[in-house]
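Fold and contact review
In case you want the letters, here they are:
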Amino acid sequence: LKDIRCSCFDWAEDWPKYFSELSFKRRQSILRKEIEIIKKSDIVFTVSRVLLSRAREINPNSYQLLDGTLPELFDASVKVLPADMRDIPKPVIGYSGTVSFRMDTKLLLESCRVFADCSFVFVGEVLKINPAAVSILKAQPNTYFLGAKEYRQIPHYLMNFDLCIIPYLENITVATPTKIFDYLATGLPVVSTPFPDSGLFQGLIYTASTPSEFISMIKKALTERDINLSKKRIDMALMNTWAKRAEEIMGVVRQR
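Below is a summary of the structure that appears in this document. All values reported here derive from a predicted model rather than from experimental measurement.

**Examining the nonpolar core**
Counting residues in each nonpolar core, the largest one holds 54 residues, and the members touching the most others are Phe-161, Ile-165, Ile-180 and Leu-184. When near neighbours in sequence (up to four residues on either side) are disregarded, Ile-180 contacts Ile-166, Val-190, Phe-195, Phe-201 and Ile-205. In this structure, Phe-9, Val-44, Val-174 and Ala-175 belong to the second largest nonpolar core, which totals 9 residues.

Right, here's the structure in full:
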């Protein structure tokens, strides 16, 4: 491939919607540029079937490419407890990633109140979303917002969770959450609202479509003691490494 030049676009988000804090005019400008890039690229990679179907209407050379993980970072034998988690009581229900417009703050608030004896830990930047809702959530005595961390630090936090959650608003989620394979690499239970391609993880994560189901699944996940299920999650992560994603990309490039 030394002498081959190929332009690839990695369409990882519905960007005009993602940057919800921008003006309508700015978001429309992003949309036009997004379409232009898709048209002009030799190959387009998308993270979900939703974006894939839209991309193929513009450029037939479009392919789905899920995110990945670095499972070697999730080694239980070298488990480290970060300083800002040392005083947080167990059990820990944790979330890793940006706290954005996708977050179902009402669902989280209800969960925090039901599981008052659990700590809800958020590792990631809080973007501009409903300030009042975030303030109420932060005011709960069992919530801890630890801010953004370097990617190589994330496993230290995840490995000290007891349960991982993905509490997204279903109707505005267009892609499989980036964090899913990092979560699975821990072997821990995962409770999530539905997302595109969630069927790929059937039997590995607990999926809940309503607030009552979400709370019920957290209760179930907190009592899980299935070592084989934990191993299956880790095996799934091992099949979805960033190295394997690179192989998939180069396979498509070679075909082209």
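**Looking at helix H4 (residues 105–114)**
Burial in H4 covers these residues: Thr-105, Leu-107, Leu-108, Leu-109, Ser-111 and Cys-112. Packed against the buried residues of H4 are strand E5 (119–123), helix H5 (131–138), strand E6 (143–147), strand E7 (163–166) and helix H8 (211–222).

**A word on the layout of surface pockets**
The volume enclosed by the largest pocket comes to roughly 740 Å³. Lining of the largest pocket is provided by 32 residues; of these, Ser-96, Gly-97, Thr-98, Thr-178 and Lys-179 occupy positions nearest its centre. Looking at the lining of the largest pocket, the elements that each hand over two or more residues are helix H1 (15–18) and strand E4 (92–96). Looking at side-chain class alone, the lining of the largest pocket contains 15 nonpolar, 9 polar and 8 charged residues. The space that makes up the second largest pocket amounts to roughly 290 Å³. Around the second largest pocket, the lining is made up of 18 residues, and of these Asp-162, Gly-187, Leu-188, Pro-189 and Glu-224 lie nearest the centre. Sorting the residues of the lining of the second largest pocket by element identifies H8 and helix H9 (227–238) as the ones contributing at least two each. At 4 residues, H9 tops the list of elements feeding residues into the lining of the second largest pocket.

**Overview of empty space enclosed by the protein**
As enumerated under the stated definition, the model contains 3 cavities of 30 Å³ or more in all. In this structure, the largest cavity spans a volume of roughly 50 Å³. Forming the walls of the largest cavity are Leu-73, Asp-75, Val-78, Lys-79, Val-80, Pro-155, His-156 and Met-159. Split into classes, the residues belonging to the lining of the largest cavity amount to 5 nonpolar, 1 polar and 2 charged. Put simply, the second largest cavity is a space of about 40 Å³. In this structure, the second largest cavity is lined by Tyr-18, Ser-20, Glu-21, Ser-100, Phe-101, Leu-127, Lys-128 and Ile-129. Classifying every residue of the lining of the second largest cavity gives 4 nonpolar, 2 polar and 2 charged.

About the cut-offs
Residues numbered from 1 in each chain as written. Predicted model: local features only at pLDDT ≥ 70, side-chain atom pairs only at ≥ 80, totals over all residues. Heavy atoms only, no water. Core = buried A, V, L, I, M, F, W, Y, C linked by side-chain atoms within 4.5 Å. Buried < 20%, exposed > 50% of the residue type's maximum accessible area, 1.4 Å probe, protein only. Contact = heavy atoms within 4.5 Å. Helix = DSSP H or I, 4+ residues; strand = E, 2+ residues; numbered from the N terminus. 1 Å grid on protein atoms, 1.4 Å probe; cavity = no way out; pocket = protein on both sides within 12 Å on 5 of 7 lines; lining within 4 Å. Points joined across faces, edges and corners; volume = space filled by probe spheres on them. Nonpolar A, V, L, I, M, F, W, Y, C, P; charged D, E, K, R; others polar.

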